[in-house]
Structure formats: C-alpha cells, structure tokens
Amino acid sequence: MTFKRTLLATAIAGATFASSAAYATNGYQLIGVGGYQMGMAGAVTSNPGSAMTATSNPAGIGVVQPGADFSMEAFMPERSVSLGGGAPAQDSETDLYGVPSIGWSAPVSEGSNVYFGGGMYATSGLGVDYLFPADDAGNTTFQGYSQLGVFQMSPALAVKVDNRLTIGGALNIGYMQLGFKQGITSNADGSALTAGDIPGQPLPPAYVDMSQSANAFGLGATLGVIYDVNDMVTVGASYRTEQKFQDLEYNLSHGQIEVQGNQMPAGRYTASMDLPQQFSVGGTIRPMEGLEISGDVKWINWAGTMDSFVVSGPNGFEMDLGPDWDDQVVYAIAADYQVTPKLAVRAGFNYGKSPVQSEQVANNLIFPAVVEQHYTAGFTYEINNHWNIGASYMYAPKETFTAPANSGQQGDMNNEQEISLEESAIVVNLGYKF
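Being a predicted model, the structure only gives us computed values, none of them experimental. Sequence positions are assigned chain by chain, starting from 1 and proceeding in written order. Local features in this predicted model are restricted to residues of pLDDT 70 or higher, and side-chain atom pairs are both shown and tallied only at a pLDDT of 80 or more, whereas totals for entire chains, interfaces and linings draw on every residue. The side-chain figures draw on all heavy atoms in the structure; neither hydrogens nor water molecules are used.

This part is about the layout of surface pockets. Cavity: a set of points on a 1 Å grid over the protein atoms alone where a 1.4 Å probe fits but cannot get out. Pocket: an open set with protein on both sides within 12 Å along at least five of seven lines, its lining residues, like those of a cavity, having an atom within 4 Å of a point. Grid points are joined across faces, edges and corners, and a volume is the space filled by probe spheres set on the points. There is about 690 Å³ of room inside the largest pocket. Labels follow the DSSP assignment, with helices taken as runs of H or I lasting at least four residues and strands as runs of E lasting at least two, numbered in each case from the N terminus. For the lining of the largest pocket, the elements supplying multiple residues, two or more each, are α2 (34-39), β7 (165-187), β8 (206-228), β19 (328-338), β20 (343-352), β21 (373-382), β22 (387-402) and β23 (418-433). Partitioning the lining of the largest pocket into residue classes produces 11 nonpolar, 16 polar and 12 charged. Put simply, Ala, Val, Leu, Ile, Met, Phe, Trp, Tyr, Cys and Pro go in the nonpolar bin, Asp, Glu, Lys and Arg in the charged bin, and everything else, Gly too, in the polar bin.

Take a look at the structure:
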C-alpha cells in the first residue's frame with residue numbers, strides 16, 4: 001500500500017472512531033491534539049512541533065518539518081454523580097474512548113515559501129452513562145446519559161513572509177454528534193412518578209430522552225502567526241472563530257420529553273450547540289542547546305456558546321437546559337529536551353479553572369467538565385531519516401463540585417447534587433518526514 005493510500009485509510013478509520021467519542025479536558029476540548037501536543041500540555045502556540053498544528057496555530061504548517069503525523073489516544077475518564085439528600089454516588093459505566101488524529105504539512109512546490117497542510121482530528125467531546133436508585137430506599141430511578149463528539153477537518157495554508165515571520169490560516173469543517181437523556185423516570189415498582197413520591201428530594205423539572213444521536217456540520221476558521229525574535233526567543237498567537245453548527249434534529253415519540261408532568265407530543269425537535277471562539281498567545285525560549293521552554297495563555301469563550309442549551313419543538317415549545325458555563329482562561333507550560341540526536345523528552349502542566357462552578361452543578365449532571373489540572377509527559381524517538389515514534393501520558397486529578405444546599409422544594413434542582421471527574425490518557429504517535 002502506498003503512503004498516500006495509508007493516509008486516506010487512516011483518515012477514514014479516524015472518522016469512524018470519532019463518531020463515538022466522548023471526553024473532556026479544558027471544558028469539553030482536548031488540551032492538545034496528537035502525541036506531541038499532549039506531551040507539551042497544549043503549550044504549542046509558538047512551538048508547534050508536529051504536523052497537528054492547523055487548528056491550534058496554522059502558521060505552524062510553515063514552521064514544522066514537512067511530513068505527516070498519525071496519533072491514537074486512549075482516553076480514560078472516571079466520572080460520578082450524586083443527586084444529594086444522602087443518595088449514594090454512581091459511577092459512569094463507560095470509561096475508555098479511542099481518539100484518533102492525523103496531520104500533514106508540505107510546501108506547495110519545491111523551494112516555495114507557501115505551505116499547504118491540515119488535519120483530521122477528534123478535538124472535543126464529553127459523555128456519561130448513569131442509571132441508579134436516587135435515594136437510600138431505592139424509590140426512584142435516575143437516568144443520565146450524554147455523548148458529545150466533534151471531529152474536525154482543517155485544510156490550512158501558511159506563508160513564510162521572511163526568515164522570521166510566518167502567518168497562516170485554516171478553515172475548520174466540523175462534524176458534531178450529540179445524544180443525551182436525563183430525568184427521574186419511575187418508582188422502583190415501575191409506577192409513574194408524581195410530585196411527593198420523593199420526600200425531601202428535588203424533582204427535576206423535566207424528563208428528556210434525546211438519546212438517539214443527531215448530527216450536524218459547522219464552519220469556522222483559525223488564524224495564526226509565529227515570529228522568531230532571535231535564535232533564543234519565539235512568540236506566537238492564534239485566534240479561532242466561533243464555529244457555527246446546523247441545528248441538531250431529533251424525531252421524538254410522544255412522551256420522550258415531559259415537563260412538570262405534561263408529556264410533549266411526537267414530532268421533530270431541535271437543539272443547537274456551537275463551538276466557542278478562543279484566543280491564544282505563547283512564547284518559547286531556548287536557554288541552552290537542546291532545551292526549549294514554552295508557555296501559553298488561552299481564553300475560551302464558553303459563556304458565548306454554553307450559557308444556554310435550548311430544545312425547541314412543535315407548537316412553539318422551547319426549553320432551556322441552561323448549563324450556564326463561565327469563560328475559561330487556560331495556562332500551559334512545558335519543556336522539551338533533546339537528550340540525544342534521536343531522542344527528545346518533554347513534560348508539561350496545564351491549568352484552567354472549571355467553566356462549571358458549584359452554582360451550576362444541578363444543570364450539568366450529564367456535562368461534568370470540571371477537571372482543572374493536567375500533568376503530562378512524553379517522548380519522540382527518530383527511527384531513521386523518515387520515521388519516528390512517540391508516546392505521551394496525561395493525568396488530571398479528580399475534581400468534585402457540590403451544588404449549594406437549599407430548602408429542597410419540589411422542582412428546585414439545587415439540593416447538594418455532586419459531580420466529579422478524573423482523567424488519564426495515553427497517546428501513541430507515528431510520524432513520517434517527507
């Protein structure tokens with residue numbers, strides 16, 4: 001099989017795997033795409049390092065050595081939820097996801113200062129799968145399910161303006177898949193649930209079953225610049241626009257949505273979710289031969305896309321599930337050291353305050369994007385003049401958020417519900433230099 005056919009086959013396989021992705025790190029975005037970016041904890045705005053750079057900073061297409069990178073990530077989140085009021089916590093059933101990515105870069109012609117590249121990546125996602133009794137007596141059954149996955153294709157162009165300045169741009173073509181379900185569904189004996197069946201427990205204001213996944217396409221763009229101040233210092237910046245997606249469409253049966261005891265009619269229902277705009281700046285210093293230290297600051301505008309989540313349906317029906325996320329500022333720092341001509345090692349740290357705070361826990365039982373710290377390490381080994389292999393590891397310690405206590409009135413969702421998330425991931429990367 002030729003190299004080009006291998007590239008195409010990997011891309012098709014990647015799209016297949018990505019359709020079932022569900023993960024999270026900074027909000028529901030990966031801290032980095034591929035093995036190199038993971039090992040650098042996402043501190044790659046000024047130091048792209050691999051061909052996976054189109055969506056993080058497309059100027060990197062003209063900076064990295066022409067070639068292609070293939071990565072597969074095993075993402076392993078551990079999530080749990082408690083409904084409060086003394087109810088035991090329940091772990092999510094699924095805890096392993098495959099996250100593929102490929103990227104490439106090459107000059108448009110021999111000796112050209114214009115470079116074409118891009119990538120196909122699974123970049124964003126989040127999901128849980130809960131089913132458990134809601135109180136110590138086993139009176140009720142709560143179901144919580146979500147599966148959000150976003151796969152991006154990003155063709156990119158970069159221009160080396162001179163020996164120091166490189167600029168670039170990428171078109172982000174996104175494919176989103178989303179299914180979700182949430183609600184206290186019945187008494188343990190199967191009888192219908194009514195207000196008063198759960199003394200001292202809050203009754204969710206709605207039961208929603210949109211678990212059959214819907215799909216949508218979206219468009220956005222990324223612009224970037226990298227500038228070598230001198231041999232020791234490089235700076236970079238990138239801006240990714242908000243990515244607008246089509247409406248997600250669901251054909252629901254009668255009763256798949258129930259609000260305050262009223263079952264909604266069968267018909268077509270829609271939901272809408274866009275990806276946030278973000279801005280990154282970064283710098284790299286080289287204090288000694290073989291050592292690079294990079295740092296990034298990134299702003300993610302979650303409040304612009306996750307402030308509300310509206311479900312619409314027949315007869316003017318509208319319901320806002322209100323995740324109410326805050327904007328996030330992410331800090332990343334990493335070091336890359338060339339141990340030998342063939343072996344490079346790296347390590348990094350990434351921190352971003354959770355976009356979900358305690359006041360928003362009750363509305364994010366199925367969207368628990370709460371981890372804040374990420375520790376990473378990785379390596380790359382040059383097999384020969386063309387091929388290299390590498391791996392990276394990430395660990396995000398467990399974070400737990402608890403909703404504030406209140407009177408526990410029926411229909412009031414704040415009653416010390418609790419969500420927690422812990423993550424680890426392993427990435428294997430295979431690179432080819434043209």
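And the narrative resumes.
All right, on to the environment of Ser82 then. With respect to the helices and strands, Ser82 occurs in strand β1 (residues 67-82). Residue Ser82 is classed as buried on the basis of its relative accessible area of 8%. Measuring from C-alpha to C-alpha, the distance between Ser82 and Gln417 comes to 5.4 Å, with 335 residues separating the pair along the chain. Throughout this description, buried means an accessible area under 20% of the type-specific maximum (1.4 Å probe, protein chains only), exposed means over 50%, and partly exposed covers the range between.

Turning next to the side chain of Asn301. Position of Asn301 relative to the elements: it lies in the loop between β16 (291-300) and β17 (310-312). When residues no more than four places from it in sequence are discounted, the contact partners of Asn301 are Pro276, Gln277 and Asp327. Contacts: residue pairs with any heavy atoms within 4.5 Å of one another.

Nine residue types can take part in a nonpolar core, namely buried Ala, Val, Leu, Ile, Met, Phe, Trp, Tyr and Cys, and a core is a set of them joined through side-chain atoms within 4.5 Å. Core analysis: the biggest nonpolar cluster contains 49 residues, and Tyr28, Phe180, Met210, Tyr250, Ile257 and Val311 have the highest contact counts within it. Contributions of two or more residues to this core are made by β4 (114-133), β5 (140-153), β7, β8, β11 (248-252), β14 (267-271), β22 and β23. At 4 residues, β8 tops the list of elements feeding residues into this core. Counting residues in each nonpolar core, the second largest holds 15 residues, with Ile31, Val99, Met394 and Ala425 among its members.

pLDDT expresses how confident the predictor is about each individual residue, on a scale running from 0 to 100. For the protein chain, the average pLDDT comes to 86, and 84% of its residues sit at 70 or higher. Segment residues 1-20 is flagged for pLDDT under 50; beyond a separation of four residues in sequence, or across chains, it makes 26 contacts in the model. Confidence over residues 407-412 falls short of pLDDT 50; this stretch has 11 contacts with residues more than four positions distant or in other chains.

Applying the stated criterion across every chain, the model contains 6 cavities of 30 Å³ or more. There is about 250 Å³ of room inside the largest cavity. Lining the largest cavity are 23 residues, and of these Leu30, Ser56, Arg240, Gln278 and Lys298 sit closest to its centre. Broken down by secondary-structure element, the contributors of at least two residues to the lining of the largest cavity are β4, β9 (233-240), β15 (278-288) and β16.

Time to look at the sheet that holds β11. Following DSSP output, two strands are said to pair if at least two bridges run between them. Pairing in this open sheet of 4 strands is antiparallel, and the strands run β11-β14-β17-β18 from one edge to the other. Edge positions in the sheet fall to β11 and β18 (318-320), since each of these pairs with one other strand and no more. Averaged over all adjacent pairs, the angle separating strand axes in this sheet is 20 degrees, with direction ignored. Of the pairings in the sheet, the one linking β17 to β18 comprises 3 bridges and is antiparallel in character. Among the inter-strand pairings, Val311 is bridged to a residue of β18, identified as Met319. Convention adopted: a line fitted to C-alpha atoms gives each axis, helices being fitted over their contacting stretch, and angles between N-to-C directions are expressed from 0 to 180 degrees.

With 8 bridges connecting them, β9 and β15 associate as antiparallel partners. Across the sheet, Ala237 pairs through a bridge with Val281, a residue of β15. Relative to β16, β15 runs antiparallel, the two being bridged by 9 bridges. Following the sheet pairing, Phe279 is matched in β16 by Trp299. Linking β15 back to β16 in an antiparallel pair, the connection comprises 2 residues, with Gly290 at a positive phi of about 90 degrees.

Time to look at the environment of Gly220. Note that Gly220 resides in strand β8. Classification of Gly220 by relative accessible area gives buried; the value is 9%. Along the sequence, Gly220 and Asn172 sit 48 residues apart, while their C-alpha atoms lie 4.9 Å from each other. When sequence neighbours within four positions are dropped, the list of residues in contact with Gly220 reads Ala170, Leu171, Asn172, Thr241, Glu242 and Gln243.

This part covers a negative patch on the surface. The grouping of Asp307, Glu318, Asp320, Asp324, Asp326, Asp327 and Glu359 at the surface amounts to a negative patch. Of note, Asp324 is situated in the loop between β18 and β19. Residue Asp324 is classed as partly exposed on the basis of its relative accessible area of 33%. For patch detection, residues must exceed 30% relative accessible area and be free of salt bridges, and they are connected within 9 Å for like charges or within 5 Å for nonpolar side chains (Val, Leu, Ile, Met, Phe, Trp, Tyr). Per-residue accessibility takes into account occlusion by the displayed protein chains alone, with areas from the Shrake-Rupley method and a 1.4 Å probe. We define a salt bridge as a contact between a side-chain nitrogen of Lys or Arg and a carboxyl oxygen of Asp or Glu at a distance within 4 Å. The charge count treats Lys and Arg as positive and Asp and Glu as negative. His and the chain ends do not count. Every charge is mapped onto a representative atom, which is NZ of Lys, CZ of Arg, CG of Asp or CD of Glu.

Positive phi outside glycine occurs at Asn315, with the angle close to 60 degrees. Among the secondary structure elements, Asn315 is positioned in the loop between β17 and β18. Owing to a relative accessible area of 77%, Asn315 belongs among the exposed residues under this scheme. The backbone of Asp324 sits at a positive phi, close to 55 degrees, despite the residue not being glycine.

So, about the packing of aromatic side chains. Aromatic pairing here means that ring centres of Phe, Tyr or Trp (its six-membered ring) are within 6.5 Å. Orientation follows from the plane angle: under 30 degrees is stacked, over 60 is edge-to-face, and everything else is tilted. Inspection of the entire model under this criterion finds 10 aromatic pairs. On the numbers, 5.4 Å between centres and 65 degrees between planes, the contact of Phe180 with Phe309 is edge-to-face. Of the two residues, Phe180 is situated in strand β7 and Phe309 in the loop between β16 and β17; the sequence distance between them amounts to 129 residues. You'll find Phe180 and Phe309 in the same group, each marked buried. Between the aromatic rings of Trp302 and Trp325, the centroid separation amounts to 5.1 Å while the plane-to-plane angle is 75 degrees, which identifies the pairing as edge-to-face. Within this pair, whereas Trp302 is found in the loop between β16 and β17, its partner Trp325 is found in the loop between β18 and β19, the two being separated by 23 residues in sequence. Judged by relative accessible area, which is 1%, Trp325 ranks as buried. By way of ring pairs, the aromatic residues Tyr28, Trp302 and Trp325 are connected into one cluster.

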